[in-house]
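Coordinate analysis (summary)
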Amino acid sequence: MASKKIEKSLNDQVANEADSSQYYLAMASWAETQGLNGIAEFLYKHSDEERMHMLKLVRFINERGGHAIVPKLDQPPKTFNSIRTIFENLLTHEIRVTNEINGIVDQCLKEKDYTTHNFIQWFVSEQMEEEALARLILDKLNLIGDDKGGLYLFDRDIATLSVESVGAGGG
Ligand code: OFO
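Just so we're clear, the structure is a prediction, and the values are computed from it rather than from any experiment.

Cut-offs used in this document
Residues numbered from 1 in each chain as written. Predicted model: local features only at pLDDT ≥ 70, side-chain atom pairs only at ≥ 80, totals over all residues. Heavy atoms only, no water. Axes fitted to C-alpha atoms, helices over the stretch in contact; angles between N-to-C directions. Helix = DSSP H or I, 4+ residues; strand = E, 2+ residues; numbered from the N terminus. Parallel < 35°, antiparallel > 145°, perpendicular 65-115°, else oblique. Contact = heavy atoms within 4.5 Å. Nonpolar A, V, L, I, M, F, W, Y, C, P; charged D, E, K, R; others polar. Buried < 20%, exposed > 50% of the residue type's maximum accessible area, 1.4 Å probe, protein only. pLDDT = per-residue confidence, 0-100. Arc of directions from axis to C-beta. Polar contact = N/O pair within 3.5 Å; in protein donor to acceptor, adjacent residues only side chain to side chain. Phe/Tyr/Trp six-rings, centres within 6.5 Å; stacked < 30°, edge-to-face > 60°. Lys NZ or Arg CZ within 6 Å of the ring centre and 35° of its normal. Expected span 1.5 Å × (residues − 1). Salt bridge = Lys/Arg side-chain N within 4 Å of Asp/Glu carboxyl O.

With that out of the way, let us pick up the packing of helix α4 (residues 114-144) against helix α5 (residues 148-157). Relative orientation of the contacting elements α4 and α5 amounts to 150°, with a least axis distance of 9 Å. Here α4 lies roughly antiparallel to α5, going by the angle between them. Taken together, the residues of α5 that come into contact with α4 (itself represented by Ile 137, Lys 140, Leu 141 and Ile 144) are Gly 150, Leu 151 and Phe 154. Counted by class, the contact of α4 with α5 contains 5 nonpolar, 1 polar and 1 charged residues.

Shown next, in the form of structure tokens:
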């Protein structure tokens, strides 16, 4: 590991990814109780992806001779006001994660840690795609408005939406 400071930032990011996974799992569970099974599936999958991001960091830290720490997690909200609230929260959360990733990029450049810099680029692309996907979903929800039939169709079609389908590059 290049420096203890970078190891600490990567461990903070392990906690962020675990927190994202936990947060989206809570969203998925609530959506399922509302009978929105398509949205729930999408969020369960998203939660799994965040866990994969966490594992990617854990493996990298240890491979580089550091020690990845498994974090303690806060309890996420149990209920949400609406599906719109869920995706607004999701976008806000992803924007925060993007800023944290950018902070690591900055630190790598300052410390000339090009190996970690190279590794973290995957996360830079992933964040761009996740933000684009969340914005796309919010645009669709705006179009639907209060139309229950629209929400029914959205719940059916959301299965076809994924980070790959937004195609913002990288990933
Ligand atoms: Fe890990 O991509 Fe979202 O947070």
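All right, on to the environment of Ser 165 then. Secondary-structure assignment places Ser 165 in helix α6 (residues 163-166). For Ser 165, a relative accessible area of 43% corresponds to the partly exposed category.

Take the confidence of the model for the protein chain next. Interpreting fine coordinate detail is not advised for predicted regions of low pLDDT. The predicted model of the protein chain has a mean per-residue pLDDT of 94, with 96% of residues at 70 or higher. The secondary-structure element of the protein chain with the lowest mean pLDDT is α6, recorded at 71, while helix α1 (residues 4-33) shows the highest, at 98.

Inspection of α5 places Gly 150, Phe 154 and Asp 155 among the buried residues, and these make up the whole buried set. Angularly, the buried residues of α5 cover 140° about the axis, an arc narrow enough to put them on a single face. Exposed residues on α5 whose side chains face more than 90 degrees from its buried face are Lys 148, Tyr 152 and Arg 156. Looking at the packing, one finds that the buried side of α5 touches α2 (37-63) and α4. Two to three positions downstream of the cap, the backbone nitrogen of Gly 149 sits 3.0 Å from a side-chain oxygen, assigning the N-cap of α5 to Asp 147.

A few words now on the packing of aromatic side chains. On inspection of all chains with the given rule, the structure shows 7 aromatic pairs. Plain terms: the ring middles of Trp 30 and Phe 80 are 6.1 Å apart, the flat faces sit at 65° to each other, and that makes the pair edge-to-face. Of the two residues, Trp 30 is situated in helix α1 and Phe 80 in the loop between α2 and α3 (83-111); the sequence distance between them amounts to 50 residues. For the pair Trp 30 and Phe 80, a shared accessibility class is recorded, and that class is buried. For the pair Trp 122 and Phe 123, a centre-to-centre distance of 5.0 Å together with 80° between the ring planes defines the contact as edge-to-face. Judged by relative accessible area, Trp 122 falls into the partly exposed class, the value being 26%. Taking the relative accessible area as the measure of exposure, Phe 123 reaches 1% and is therefore buried. Above the ring of Trp 122, the side-chain terminus of Lys 56 is found at 4.2 Å from the ring centroid.

With that settled, the discussion passes to the side chain of Thr 85. On the secondary structure map, Thr 85 appears in helix α3. A residue is classified by how much of its surface remains accessible, and Thr 85, at 18% relative accessible area, is buried. At 2.7 Å, the side chain of Thr 85 and the side chain of Ser 82 are in polar contact.

Moving on, we come to α2. Its 27 residues place the ends of α2 39 Å apart at the C-alpha level, agreeing with the 39 Å of an ideal helix rising 1.5 Å per residue. Taken from the residues just after α2, Gly 65 is the one with a positive phi, measuring 90°.

This next bit is on the pattern of salt bridges. Close approach of charged atoms allows side chains with opposite charge to pair. Applying the stated criterion across every chain, the model contains 10 salt bridges. A salt bridge links Asp 157 to Arg 156; the shortest N-O distance between them is 3.2 Å. Note on Asp 157: relative accessible area 37%, which makes it partly exposed. Overall, the relative accessible area of 54% leaves Arg 156 in the exposed class. It is possible to trace a salt-bridge network through shared partners that takes in Asp 19, Arg 96 and Glu 100.

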